[in-house]
Amino acid sequence: MMDINQRKRIFLSSPHMSGNEQKYINEAFTTNWIAPLGPNVDAFERELAAYIGSKDAAAVSSGTAAIHLALRLLDIQKEDKVFCSSLTFVASANPILYMGAEPVFIDSEPETWNMSPQALERALADAVKEGEIPKAVIVVHLYGQSANMDEILSICNQYEVPVIEDAAESLGSTYKGKASGTFGRFGVYSFNGNKIITTSGGGMLVSDDTEALAKARFLATQARDLAPHYQHSTEGYNYRMSNILAGVGRAQLEVLEDRVRARRLIFQRYCQELASIPGIQFMPELENTSSNRWLTALTINEKISGFSVCSLLKSLAEENIEARPVWKPLHMQPLFEGKSYYSHNEFENVSEQLFHSGICLPSASNMTEEDQARVIECIKKFYATYEIPSFF
Ligand SMILES: *Cc1c(COP(=O)(O)O)cnc(C)c1O
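Residues numbered from 1 in each chain as written. Predicted model: local features only at pLDDT ≥ 70, side-chain atom pairs only at ≥ 80, totals over all residues. Heavy atoms only, no water.

### Structural notes on the pattern of salt bridges
How we decide: Put simply, a salt bridge is a Lys or Arg side-chain nitrogen that is within 4 Å of an Asp or Glu carboxyl oxygen. Strands here mean DSSP runs of E at least two residues long; helices mean DSSP runs of H or I at least four residues long; both are numbered from the N terminus.
For the structure shown, the criterion picks out 17 salt bridges. A salt bridge links R217 to D56; its shortest N-O distance comes to 3.0 Å. Residue R217 is located in helix α7 (residues 210–220), and its partner D56 is located in strand β1 (residues 56–60); the two are separated by 161 residues in the primary sequence. A cluster of three or more residues bridged by salt bridges with shared partners is formed by E45, D56, R217 and R240.

Following this line, the structure appears as structure tokens:
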């Protein structure tokens with residue numbers, strides 16, 4: 001039976017419509033562009049490319065599809081090595097498996113929680129020794145924080161390895177004044193329901209290489225050759241974005257900056273209210289970068305705070321508040337058992353530490369101040385009443 005006293009659920013990251021979506025959807029209906037192509041798709045691509053400052057963008061059915069296409073465009077072959085951040089959602093690496101390629105996972109650094117340039121350098125040096133230079137490096141920008149791109153690019157350029165940026169979580173973030181996702185050969189955004197803006201489901205592949213993106217559109221529509229009959233000479237996919245959903249995306253893009261402001265404000269409030277709890281540390285923001293703060297993430301040092309992430313998650317769940325541990329590193333996933341992994345250094349395994357001590361708090365841009373106060377109250381109450389274990 002439902003508990004009628006149960007308080008309203010607070011979600012981790014819920015969709016936040018602007019109200020303008022309906023206008024573009026109606027346009028699609030009145031003009032009967034109900035297809036995975038049409039004026040909304042073209043306009044959404046143009047508008048997003050202009051916003052982030054890239055030459056071109058291809059709208060597709062998901063962020064995962066965009067990563068898959070990027071790997072196809074880089075001509076990844078079976079058993080080729082592809083390096084990938086370990087601390088991320090499985091979608092960053094699943095497309096490596098679609099290609100039959102071999103993932104090699106790279107640890108995080110403490111400064112950004114993202115790919116450790118040190119570990120990357122070691123992994124590349126080993127790859128050179130073994131004569132197996134990776135065909136691509138997939139760099140993830142976690143929870144909106146950009147990776148250390150200058151260092152990563154300089155290492156990759158030295159070995160002439162192309163970079164794919166998984167910017168699924170960092171649309172609206174900047175690194176040294178330039179949009180996150182525009183530094184590599186390809187950038188990938190996601191418009192899944194939980195992302196900073198959404199089309200319910202969708203993604204975008206961006207690049208300055210307009211020829212490559214033309215090929216991406218070709219591959220994403222079953223690779224149909226130019227012929228009056230149906231002719232195909234290479235394997236394709238059905239990956240294009242619906243013209244209806246692109247309409248949702250156009251309206252969402254108009255309010256992206258509001259959404260970033262709202263999420264950053266939520267982060268600030270958590271900081272102000274929770275920083276005094278001993279052992280809590282918020283995810284850092286690298287100098288000269290601006291994170292969209294998609295999710296407020298923090299770590300809890302159990303030895304100092306006296307409580308674990310697990311127990312706090314349980315207490316929040318009892319109050320009908322959705323919080324989550326940080327991503328479980330991919331090198332720890334059964335799916336990738338036996339795959340190579342390079343830790344930050346000999347002594348530090350940063351992604352594993354973050355996994356064991358990290359938590360993401362509700363951060364939806366449409367969460368009310370009262371909702372957030374409820375989350376903060378719950379954490380403070382939990383801290384005040386938690387039995388500090390006796391070590392004696
Ligand atoms: C959401 C997400 C994806 C996948 O995007 P979809 O649109 O859901 O396919 C990829 N990588 C990261 C880091 C994500 O958070």
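### Regarding the packing of aromatic side chains
Inclusion rule: Note on ring pairs: Phe, Tyr and Trp rings are taken, using the six-membered ring of Trp, and paired if centres are within 6.5 Å. Classes follow the plane angle, with under 30 degrees stacked, over 60 edge-to-face and the rest tilted. Any residue under 20% of the maximum accessible area for its type is buried, any over 50% is exposed, and the rest in between are partly exposed; the area is computed with a 1.4 Å probe on protein chains only. Note on geometry: a ring has a charge over it if NZ (lysine) or CZ (arginine) is within 6 Å of the ring centre and within 35 degrees of the ring normal.
Tallying each qualifying case throughout the model produces ten aromatic pairs. Between F267 and F282 the ring centres are 5.6 Å apart and the planes differ by 80 degrees, which places this aromatic pair in the edge-to-face class. Of the two residues, F267 sits in helix α9 (residues 256–274) while F282 sits in strand β10 (residues 280–282), which places them 15 residues apart along the sequence. Residue classification places F282 among the buried residues on the basis of a relative accessible area of 16%. Within the aromatic cluster, the residues linked to one another by ring pairs are F89, Y143, W294 and W327. One residue, R224, lies across the ring of Y230, its end atom 4.0 Å from the ring centre.

### Some remarks on helix α3 (residues 63–73)
An α-helix turns once per 3.6 residues; consequently, residues spaced three or four apart project the same way. Condition: Pairs of N or O atoms are called polar contacts if they sit within 3.5 Å, as long as, within protein, a hydrogen donor faces a hydrogen acceptor (for residues adjacent in sequence, only side-chain-to-side-chain pairs).
Of all the eleven residues making up α3, ten are buried; the element is thus mostly covered by neighbouring parts of the structure. The complete set of buried residues in α3 reads G63, A65, A66, I67, H68, L69, A70, L71, R72 and L73. Taking the backbone nitrogen of T64 as reference, a side-chain oxygen 3.4 Å away marks S62 as the first, capping residue of α3. With its phi angle positive at about 60 degrees, D75 sits one or two positions after the end of α3.

### Digging into the site of the ligand
Quick reminder of the rule: Nearness is judged by heavy atoms alone; a residue qualifies as near a molecule or strand once a single heavy atom is within 4 Å of it. Note on areas: Shrake-Rupley, 1.4 Å probe, and residue coverage restricted to the protein chains presented here. Gly falls in the polar group here, along with every residue not listed as nonpolar (Ala, Val, Leu, Ile, Met, Phe, Trp, Tyr, Cys, Pro) or charged (Asp, Glu, Lys, Arg).
Around the ligand, a shell composed of 15 residues is seen, among which T64, D166, E169, S190 and K195 lie nearest. Residue K195 places a side-chain N or O atom 3.3 Å away from an oxygen atom belonging to the ligand. Its free accessible area being 380 Å², the ligand has 94% of it covered by the protein chains. Of the residues assigned to the shell around the ligand, the class counts are four nonpolar, eight polar and three charged.

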